Every structure is written in structure tokens, then in C-alpha cells.
Amino acid sequence: MADETDTIPIPEFSSLLQMDPYLKPFEKDFQRRYQLLQKQLFLLEAAEGGFEQFTRSYNTFGVHRQPDNSLFFKEWAPAAEALFLTGDFNGWNKFSHPYTNKEFGKWELILPPKADKSPAVDHNTKLKIVVHTKEGERLYRISPWAKYVTKENKAVIYDWIHWDPPHPYTHIHPRPKKPTSLRIYESHVGIASPEGKVASYTNFRTNVLPRIKYLGYNCIQLMAVMEHAYYASFGYQVTSFFAASSRYGTPDELKQLIDVAHSMGILVLLDVVHSHASKNTEDGLNKFDGSDSCYFHSPPRGEHTLWDSRLFNYSSWEVLRFLLSNLRWWMEEYRFDGFRFDGITSMLYHHHGIGTDFSGDYSEYFGLQVDEESLVYLMLSNHILHSLYPDCITIAEDVSGMPALCRGVQEGGLGFDYRLAMAIPDKWIQILKELKDEDWNMGNIVHTLTNRRYGEKCIAYAESHDQALVGDKSLAFWLMDKEMYTNMSTLIPMSHIIDRGIQLHKMIRLISHALGGEGYLNFMGNEFGHPEWLDFPRQGNNESYHYARRQYNLVDMDHLRYRQLYAFDRDMNLTEDKYGWLSAPPAYVSARHEDDKVIVFDRAHVVFIFNFHPTKSFQNYRVGVELPGKYKIKLDSDEPLYGGHGRLDHNTEFFTEAQPCSGRPHSMLVYSPCRTAIVLANEEIDYCY
């Protein structure tokens, strides 16, 4: 009989179709997806006893020490003629330790302990699998299940290191509870230092975690943790899926980082890459058993032409075992709290989004162009993760706008908790590149920030790592450019460019935070307007680390204006933490005035007033509000502490009048300075979010 976690509730397509009647013509597609998921769960139950054991396959594949200190090795290499184990333990003898061929392409080997009863392979020593192919080739491979791989200084290929420490790190702190408001600090361990080098897990734990806590973020999204041979790939060309990148330190040091984050009440998400894999053969999955398939589809289906990478065969039983166990591994072994799934668009469609401009027509999301194998894999992943870990968070990176991406699998949805609101940063870049300040369109800004599917949560962001990369420019750079190098001191008068940049940087972040979604994301350093782009060491820049770092030292200098942007980011997050607008229903926008360049909205009974006009301030600006009472300023981007001009008196109390305005039953008169955002809260109600 199936375990209760292996079953999914009776389908509820009707609720989804009632929410969006335009999906009605595609009801059969939702039913088919759901039936395919049910079939997969049934097969898992019949063949493996359910997903609980299936997703723990990392306990049997790879290498494992048994109670008697013998070592058990297991691999899947269906096209191989023979497998041998070699390494430091046997003087690199290529033939002395053959694997035994089992059914379904499995291979096993048992190494008895040494005479002194210690394991035959010592901790921290090198291993290789020797694969003999039917064509007579002899290939040297790393186990796909390897837990630790390293590269010597001038070497090109990574080495498989047997990781079996005598005293492995043990987590002390429980996972924090899932927050109602998700505020994410997107991070890359290697660049998390002002020094021109690859920074460490220990540096991040010691020097960056306290900053994240101070800034009011309650979640970290860690990039580039799954091992990748090419540093400049930003972690998106994964070679070893079960290995935490050794360039930052040991597995135990990553575990300690996560444990300390948990002690601070901070969740940690892994940026997981299951959409594709590196083409590397000697230290990657590609051609592991000598064939052009194994874990991937054979070409051309198994190759991504733009990414120059391999594409998984999600219909393969052993690929499902590998990938689903991979998710479980990161949750169990490292105690991550969830995942941001990279490259979802590529997975959802046979065309991978290449050369496709999604118009929003629903027919684009259904039919033969949809890759149902990978779609069902994502449904299966989300169902399993949320069944085993009810507080697990999953975020989808999808540019297509697939409907029901963030609805439950029982509705025919894909089961994600959030999707990234990827149109928002693109809009800000477009505005800053193409428009003069007086030509900003308030209605268009509001539309972009609010144009999301009802009932599906979004993570809003003004900029992520994408906008920081070389070839693009961060918001701060678009606003202030080279003056950031010379005019950011508070000891000299503020130039016009710096003044404009400082004020708009704060306003863009706050309006994205408050209006754009049900969660918020910031890429490390952007909170203080990091002065430079991000570029990893590569041949094109003479292997320089100059741009592969984050200059947190700039925030610690009292006389630099980066500190002012940093202070605003903290208070923006702390204000949200108090009033909970991210967990509240979508905002009601009461004004988007094109001539005045003013946007007014309320959310969670908090009133937001944005005056984007470059020169016009308004002395008695009438603002509509839902609830009557006394309002006071709770956040003011014009405060001198944030690099503002201090034009507002925070002792002022704003009293509502029974005069309807902009669709609201009450209103009040407010002073709204140019290029200023104000957050007002009602002093007479209890905020319970």
C-alpha cells in the first residue's frame, strides 16, 4: 500500500479554471499532466516502494563505508563493457579492482577493509573510475555521485576526492520556519569579499552573514555551489551535481555556513541547475559510460545550442533517480531550505525558448511545443519536496509566463511557490537607457510592476546578478556612471548626477519591493549601489579578479554615500518586516499621474507615495486612503541619513477627511517633495501581518 506522502489529492482543476476562465480550452492538457504525474508516482511505488527510498539513492550509489569499514561502490553505466576502480589506494592500478556487472546497467564493487580494519581508501585521497567501452576505449571518469572534487592549482581537470572525514560536521540549529514575507539576498560565495581572489565559505559565514542579518533579509539564495569546472560560468555549467564547490572550502565549511545562517533565523536556498549540464567528459557527466546519451538525450535533442551544454533525459528512470536524489541530498546532507530552479523555460519547451518571443497567447503554453517529460519532472520534484518538507520553498526562473507554474500539482499546476518577476528589472533598464526623466510613464511602470498572474506568487526585484554582469550595467551605474568613482564622498557637495542617482536608486528599489510581488530579491552589493559590474577571471580580461569581488569595505567608510544607500535598504526591509506588505494581497493603486509623475498606492493598510518628478514638489497633495485615522511617516527616502535633503518633518501627523479621492472613501493632504518616496502608516490600527 502506498505511503500517504506518495499520493496526491483529487484534482481540483475547477478552482484553477474559475480563477482564469481563459484556461478552459486547455483543461485536457492539465488533466493529462496530472495523469502523467500520477502514473510516475504509481511506477515509483511499484518499482521502488515509493519516492521516500528512491530519492535517497545517494545512500547506495557512489561510495559508502559499511559498518565493518568495507567500502561499497555502485554506478550506473549501461553502455560500458567493464568498469574498474583506481586511485591512490592501489597505486593507480587500472585493472586490479573490477566492478561486477549487475542488471539494468548497474555496476558494483566491494573493497574489504585493510588488515588494521581501517577503510581501504583513506579520507581525502584521489579516486577514478576506468570505463572500458564496447569500442575498445579506456576512459577515466569521476563518479556522478562524487561528494567532493578538487582541482590542483595549474591543473585543468578536477579530481575525485574520497570524502569520509572522521568527525563530520553536525548541524546544531533547526531550520527556521518559513516566513510569511520572503526577503532574499542573492549571493555568490566566491565574490563575497573586497579582495581580488576566490572568497571562502568561512569568509561568507564570518563577514557576510552578519551584514545580511543586519539588512533585514530573512533568506539567502546561494549561487554557484554545485561544482562547476569553469568559474566564469557563474555556476551554470555544473560538472559534479552532488559536490559542493571545493574552490570555496570543504563540505563541512558549507554546512557550518548554513547552520550559522539558521541560528540567525535566515533560510538558505540553493540555486539548483537541473536544466542542463556541462559538456565536460573527464570531470563531468557527459559520455560517462562512453555513449552520447547515458544521462542525456542523444544529439540533437540532448544538446543546447546556445548554452553549449547537454540536456537531461527526464524520461529515463535512472536520470530521475539521479536528479530527484540530488534535490534530497542538498536538503538532507546540507540542510538547505529549498531551491531556485534555474533555466525553467529551457526545460518547459522543446524549442528551449530559443528564437521565441512569448506574446502571452495561451496557445504558446500548451500543445506539441511543450516538453511534457521535463514538465512532469518539475511537477514530481515539487510534489516530493513539499510532501517531505512542508516548509520547503521553490522558486522558478521562467521568462515565458507559463500559467499555473505556481499552482499546486493537484490543480494541474507545476507546484512552485514563487516565480521570478523577470520583466521588472528589464523595464527599469529600458527606462534608464531610453527615456528622459520627464518622459517616464507612470502607468507603464505600474503596469509592469502589477502585471502578474492572480493567485501565483512572484519574487520582485529591481536587479539581480543578471544586471550586474559585464556587458550590462547595474542600476547605480546606469544612474551615476563614472561619477561613482569621484563624487560619492559626503565631504564634497553632491553633484546633480549623484543627487539624481541616489534618490532614484532608493525609489526604484522601494517601489519594486512594495508593488512588484509577494517576495523581494536583491543581489549582493546592489543594496548599496555597488560601483562596478561583475566579471569573472577569464582569458578576455587576463584572468583578473578585479571585477570578481564585492567591495563591502565601501559601506564601512563613514564619508561615502554607499553607506546611505545601505542604510535605506535596511530600513526598507525592517519597515516591511513590521507591516508585512509582501504577505498582504496585491496593492490598490489609487493614482498614477503622468504630469505630476506621482504614483500612490496602499497595501497592507500602508500608504506609499512616490513623486518621480525631477523638479516639482507638491505642498498639499490629496491622497486617497481606505481607512480613516491618523497617519505618520514610517519611511522617507528624503532623510539625510539616506542621502536625501530632509524636507519632511517626521513629527507631522496626517489626519484623514471624509472626502473620497481616487476610488478611496477617505483622503488626506500630504507634502510630496520631488524625487521622494514616503511610506505612511495608520497609527490607529493594529498591523497583524
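An account of the accompanying structure is given in this report. (Residues numbered from 1 in each chain as written. Predicted model: local features only at pLDDT ≥ 70, side-chain atom pairs only at ≥ 80, totals over all residues. Heavy atoms only, no water.)

The next point concerns the packing of helix α9 (residues 423-434) against helix α13 (residues 496-515). Their axes nearest at 12 Å, the elements α9 and α13 cross at an angle of 155 degrees. On the basis of their axis angle, the class for α9 and α13 is roughly antiparallel. Regarding α9 and α13, the two cross each other, and that crossing is right-handed. Taken together, the residues of α13 that come into contact with α9 (itself represented by Ile424, Trp428 and Leu432) are Arg500, Ile508, Ile511 and Ser512. Considering only residue class, the contact of α9 with α13 consists of five nonpolar, one polar and one charged. (Axes fitted to C-alpha atoms, helices over the stretch in contact; angles between N-to-C directions. Helix = DSSP H or I, 4+ residues; strand = E, 2+ residues; numbered from the N terminus. Parallel < 35°, antiparallel > 145°, perpendicular 65-115°, else oblique. Left-handed = near helix turned anticlockwise from the far one by under 90°. Contact = heavy atoms within 4.5 Å. Nonpolar A, V, L, I, M, F, W, Y, C, P; charged D, E, K, R; others polar.)

The sheet built from eight strands closes into a barrel, its strands ordered β10-β11-β14-β17-β18-β19-β20-β21 with parallel pairing. Each strand axis lies, on average, 30 degrees off the axis of its neighbour in the sheet, ignoring direction. Across the face of the sheet, helix α8 (residues 372-388) comes into contact with β17 (338-341) and β18 (393-396) while running at roughly 165 degrees to β17. (Pairing = 2+ DSSP bridges.)

Moving on, we get to the pairing of strand β11 (residues 219-223). Most of β11 is tucked away, with five of its five residues classed as buried. Alternating positions in β11 separate into two faces, Cys219, Gln221 and Met223 on one and Ile220 and Leu222 on the other, with burial throughout. One ladder, built from five bridges, connects strand β10 (residues 182-188) with β11; its direction is parallel. Paired with Ile184 across the bridge in β11 is Cys219. In terms of handedness, the path from β10 via helix α4 (residues 201-215) over to β11 forms a crossover that is right-handed. Pairing between β11 and strand β14 (residues 267-272): four bridges, direction parallel. Each bridged residue has a counterpart across the sheet, and for Ile220 the counterpart in β14 is Val268. (Buried < 20%, exposed > 50% of the residue type's maximum accessible area, 1.4 Å probe, protein only. Right-handed = clockwise from strand over helix to strand, strands pointing away.)

It is worth spelling out the sheet that holds strand β5 (residues 106-111) at this point. Spatial ordering of the open sheet is given by β1-β2-β5-β4, a layout of four strands whose pairing is antiparallel. For this open sheet the edge positions go to β1 (62-65) and β4 (100-101), each flanked by a neighbour on one side alone. Where β4 lies against β5, two bridges are found, and the strand directions are antiparallel. Within β5, the position partnered with Asn101 by the bridge is Trp107.

This part is about the pattern of salt bridges. Throughout the structure, instances matching the rule amount to 49 salt bridges. In this structure, the salt-bridge partner of Asp337 is Arg175, at a minimum N-O distance of 3.4 Å. Within this pair, whereas Asp337 is found in the loop between α6 (317-332) and β17, its partner Arg175 is found in the loop between β9 (159-161) and β10, the two being separated by 162 residues in sequence. Residue Arg175 is classed as partly exposed on the basis of its relative accessible area, which comes to 25%. With a shortest N-O distance of 3.6 Å, Asp481 and Lys473 are connected by a salt bridge. What makes Lys473 partly exposed here is its relative accessible area of 25%. When salt bridges with common partners are traced through the structure, they connect Asp20, Asp398, Arg419, Arg453 and Glu456 into a single cluster. (Salt bridge = Lys/Arg side-chain N within 4 Å of Asp/Glu carboxyl O.)

Another point: helix α10 (residues 442-450). Within α10 the residues assigned to the buried category are Met442, Ile445, Val446, Thr448 and Leu449. Burial along α10 is one-sided: seen end-on, the buried residues are contained in an arc of 165 degrees. Against the buried residues of α10 lie α9, α13, β22 (588-593) and β23 (598-603). (Arc of directions from axis to C-beta.)

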